[in-house]
Amino acid sequence: MYKVHTHIKSPNYGERSLNTSLEFLIMHYTACDLKTSLKVLTDPETAHPVSAHYLVDENGEVYRLVDEQHRAWHAGKSAWRGLTDINSRSIGIEIVNLGQGTEYRPFPSAQMESIAHLSKEIIARHRIPSCHVLGHSDIAPGRKIDPGPLFNWRWLACQGVGIYPDIGQEIKGNSTGIDVGRIQHLLAQYGYDTPLTGILDTGTQAVIQAFLMHFYPESLGREADSEFLRRLEILQSYSENSRGIIHK
Ligand SMILES: [Zn+2]
């Protein structure tokens, strides 16, 4: 089902900064139910008011809370490829999901179908590059963990939304010889705000976790293996025209 409600509006928005272009699509989860999500995203009376352009319920219904030309308040302090003020540069989609913890659960197919449909329209309207379809965790590693490892980025890429590395057969890992400096370099080159210290510090660990949640969720909780590096290398081969699953 794809139904867009436009009767609820959020007052939490501003104007996009000059000298920025709208080039990102950012996915979030709300970590609460629909009713609370709507309240939080439209309440101007809190210490830190927030909003997003869209909210997608578990049943697939979509709420347009902020018009796309405005700057919604969803990204906070974040960065990608050295660009900051991601709020001025993005459309934000909030997704109803109770969030990581005991109640974290898969995103229902009706919800994912609507996210794909909505995203395709947004991407076409603003010509957003596929590699700029990102999670909040990608642009704020160590600070944000949404939409989390149950969000099906692979399926979305198959629908033409974002990119995902396909390595074919899983490589059984051996973690010897993984060079932290090289990993940092590759993560930074792809876009992550990564320390370039040559050592596995907490900042680097947070970026690696963000990468794994998006591009290799099967590996979470396991030891780093060579497939992690391979997926990262495949993403480097991204070109402006790439869409969907990247094979190599
Ligand atoms: Zn978020």
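Residues numbered from 1 in each chain as written. Predicted model: local features only at pLDDT ≥ 70, side-chain atom pairs only at ≥ 80, totals over all residues. Heavy atoms only, no water.

- Looking up the chain in an unreviewed UniProt entry gives the name N-acetylmuramoyl-L-alanine amidase, with the organism given as Caedimonas varicaedens.
- Regarding the chain, the relevant UniProt record gives this comment under Catalytic activity (unreviewed entry): "Hydrolyzes the link between N-acetylmuramoyl residues and L-amino acid residues in certain cell-wall glycopeptides."
- Its UniProt record, at the heading Sequence similarities (unreviewed entry), says of the chain: "Belongs to the N-acetylmuramoyl-L-alanine amidase 2 family." (UniProt positions renumbered as here; feature names shortened; annotations may be inferred.)

Description of the confidence of the model for the chain
Here's step 1: With 90% of its residues at a pLDDT of 70 or more, the chain has an overall mean of 91.
Here's step 2: Here residues 169–175 scores under 50 on pLDDT; set against residues more than four positions off or in separate chains, the count is 13 contacts. (pLDDT = per-residue confidence, 0-100. Contact = heavy atoms within 4.5 Å.)

With respect to helix α6 (residues 202–215)
Here's step 1: Compared with an ideal rise of 1.5 Å per residue, which puts 14 residues at 20 Å, α6 spans 20 Å between its outermost C-alpha atoms and is within 8% of the ideal.
Here's step 2: Taken together, the buried positions of α6 are T204, A206, V207, I208, A210, F211, L212, M213, H214 and F215.
Here's step 3: Where α6 is buried, its residues touch β8 (133–135), α3 (136–139), α4 (153–158), β9 (163–166), α5 (180–190) and α7 (226–236). (Helix = DSSP H or I, 4+ residues; strand = E, 2+ residues; numbered from the N terminus. Expected span 1.5 Å × (residues − 1). Buried < 20%, exposed > 50% of the residue type's maximum accessible area, 1.4 Å probe, protein only.)

Let's talk about the layout of surface pockets
Here's step 1: Reported here for the largest pocket is a volume of approximately 390 Å³.
Here's step 2: Together, 21 residues line the largest pocket, and V50, H74, E94, H136 and K144 are the ones closest to its centre.
Here's step 3: Elements with a minimum of two residues in the lining of the largest pocket: β3 (24–29) and α1 (34–42).
Here's step 4: In terms of residue count, the dominant contributor to the lining of the largest pocket is α1 (three residues).
Here's step 5: Classifying every residue of the lining of the largest pocket by side-chain character gives nine nonpolar, eight polar and four charged. (1 Å grid on protein atoms, 1.4 Å probe; cavity = no way out; pocket = protein on both sides within 12 Å on 5 of 7 lines; lining within 4 Å. Points joined across faces, edges and corners; volume = space filled by probe spheres on them. Nonpolar A, V, L, I, M, F, W, Y, C, P; charged D, E, K, R; others polar.)

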